[in-house]
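Chain by chain, the residues:
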Amino acid sequence: MELDRRRFLQHSALATVGAGVVFSLGLRGGALAAAHARDDGFVFAQLSDTHWGFADPKVNPEAEHTLARAIDAVNALSPRPDFVVFTGDLTHTTDDDDERRRRMARFAEIARGLRIDKVRMLPGEHDASLDGGAAFREHFGDPHYAFDHRGVHFVALDNVSDPTGQVGAAQLAWLADDLASRDAEQPIVVLAHRPLFDLAPDWDWATRDGAQVTTQLERFRNVTVFYGHIHQEHHRTIGRIAHHAATSLIFPLPAPHSVPKKAPVPWDPARPWAGLGFRTVAEAGSGERVVLAEHSLARP
Amino acid sequence: MLTLASVAVIAATSGASRPLLTARLASLRPDAERPLPVAEAPRVVHVTARRFEYEPAEIHVAAGESVVLELESVDRRHGFSIPELHVRADVDPGTTTRLALPKAAPGIYVFACDVFCGSHHEDMAGELIVD
């Protein structure tokens, strides 16, 4: 959809008033961006870590309704996102291959409630690490891919089908080939499940060969990574690359190394759905700036 | 008594010069009866990995002590990683993996499984305690 300058700014204003946090990535410049400058832009939504099939009432007694609640909230957005991306852990892991497929089928059925034409999926380790991504491929296709949208190049990476949490040599070669002919001024958005940097390796919050990914991205002026896995909003800029983690849609996790042992934050009956939500990203078509808005599922 | 010059000749003319030279030189040493110093053998600690725990979950090491872990899984592939010390290994069933611990300053170092192994993978961790 077309998002003109006025509506882009409306998104920013809505984000500020209605959803809480606005995280501006600042100015984007460069010759190519200037050449393509025009009054349009777009919004996409990032949903993550829905863990369909998870069951623990102390952690989320509304587990069966949380995804639907998020979908209702996305459908109510105005302006409507051009597309939605789920950054992994669509389902909660199970040793039973048949049950994994049932969970994915049910997740896909609920996700079809999104009144958005394009919905893109990435696997998380709960979806793909026990079967090498087989069930995910059956339901959602390739776990890594690239696409372009209004001048922005999107790359979706799979750092979970290998249970050691690596992208792997074959995908690194594919990435190098995908990026080889691109202008360094073109905005690049990377989608992944695990963080591509060592956020907290002792909590398994890392990608073992993530540095080999970021090294390939260093020559680009505007690179933004959106990921999940850590069940909380988190922002870190390393070099030119901005990394943004999304909240979960099943349970929050504590801040990195804030507690001796990582464990889900229990459900607070006084503040149901606190810490759960999703994000919208407003990209100015000119590539001038990006605005993140965090949308909580909790009642204000 | 052999002189240093004669030792040199022996070394140069012998078909098996190096062992002969070593033997002759050893006989010249005033402390020849004293055993040569040898590196202390590392202490071996056996660690069993299973979903979703390590046994033992606490490994105590004295500062400066040489320790080798012998890692074995009883069910499936796991990982053994101490990110702070930059060491890791895959741990497979039916295979003993030896991992030499680097010398570390006193403190507590978390080790964890870094090969996704199921629903409580995130809980599979322990502590290396350097006293």
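Draft legend 1. Just the overall build of chain B, in detail. Regarding its fold elements, chain B presents two helices and nine strands. Sequence-ordered secondary structure for chain B, helices as α and strands as β, is α-α-β-β-β-β-β-β-β-β-β. Out of the 131 residues in chain B, the part that is buried amounts to 32%. Relative to all contacts within chain B whose residues are 6 or more apart in sequence, the contacts with residues 24 or more apart total 57%. Summed over all atoms, the accessible surface of chain B reaches about 7600 Å², with 57% contributed by carbon and sulfur.

Draft legend 2. How the structure looks around the nonpolar core. Grouped together as the largest cluster of nonpolar side chains are 29 residues, with contacts concentrated most on Val190(A), Val213(A) and Leu217(A). Within the second largest apolar cluster, 27 residues are counted, among which are Trp52(A), Met121(A), Phe136(A) and Phe278(A).

Draft legend 3. Structural detail: the state of the cysteines. Residues and elements named next belong to chain B. Summed over all chains, the structure comprises zero disulfides over all chains. Cysteine 113 takes part in no disulfide bond, and the closest cysteine sulfur to it belongs to cysteine 117, at a distance of 4.1 Å. Residue classification places cysteine 117 among the buried positions, given a relative accessible area of 0%.

Draft legend 4. Region of interest: the sheet that holds strand S7 (residues 188-191) of chain A. Residue and element names in this part refer to chain A. Strand order across the open sheet formed by six strands is S5-S6-S7-S8-S10-S9, with mixed pairing between neighbours. Each of the sheet's edge strands pairs with one partner strand only, and the pair in question is strand S5 (145-149) and strand S9 (234-238). If you compare each strand with its neighbour and ignore which way they point, the axes differ by 20 degrees on average. Relative to strand S10 (residues 241-245), strand S8 (residues 223-227) runs parallel, the two being bridged by five bridges.

Draft legend 5. Structural detail: the sheet that holds strand S4 (residues 67-73) of chain B. Residue and element names in this part refer to chain B. The strand order S2-S1-S4-S7 describes an open sheet built from four strands, whose pairing is mixed. Looking at which strands have only one partner, the edges of the open sheet turn out to be strand S2 (53-55) and strand S7 (97-100). Neighbour-to-neighbour, the strand axes of this sheet turn through a mean angle of 30 degrees, independent of strand direction. Across seven bridges, strand S1 (residues 43-50) lies against S4 in parallel orientation. Residue pairing across strands places alanine 49 opposite serine 73, the latter belonging to S4.

What counts and what doesn't
Along each chain, residue indices are assigned from 1 in the same order as the chain's sequence is written. Note on labels: chains are lettered from A, ligands numbered from 1, in written order. Residues qualify for local features only when their pLDDT is at least 70, as the model is predicted, and side-chain atom pairs are given and counted only at 80 or more; totals for whole chains, interfaces and linings, by contrast, use all residues. Only hydrogens and water are set aside when side-chain values are computed; all heavy atoms of the structure are taken into account. A run of H or I in DSSP becomes a helix once it reaches four residues, and a run of E becomes a strand once it reaches two; helices and strands are each numbered from the N terminus. Per-residue accessibility, obtained with a 1.4 Å probe over protein chains only, is compared with the maximum for each type, and a residue is labelled buried under 20%, exposed over 50%, and partly exposed between these values. Any pair of residues with heavy atoms lying within 4.5 Å of one another is described as a contacting pair. Every accessible area reported is derived by Shrake-Rupley at a probe size of 1.4 Å, with residue values counting cover from the shown protein chains alone. Take the buried residues of types Ala, Val, Leu, Ile, Met, Phe, Trp, Tyr and Cys, join any two whose side-chain atoms come within 4.5 Å, and each joined set is a nonpolar core. Note that a disulfide, as used here, is simply two cysteine sulfur atoms within 2.5 Å. At least two bridges found by DSSP between two strands is the condition for calling them paired. Axis definition: a line fitted to C-alpha atoms, over the contacting stretch in the case of helices. Angles run 0 to 180 degrees between N-to-C directions.

Take it as geometry only, folks, not as evidence of what the structure does.
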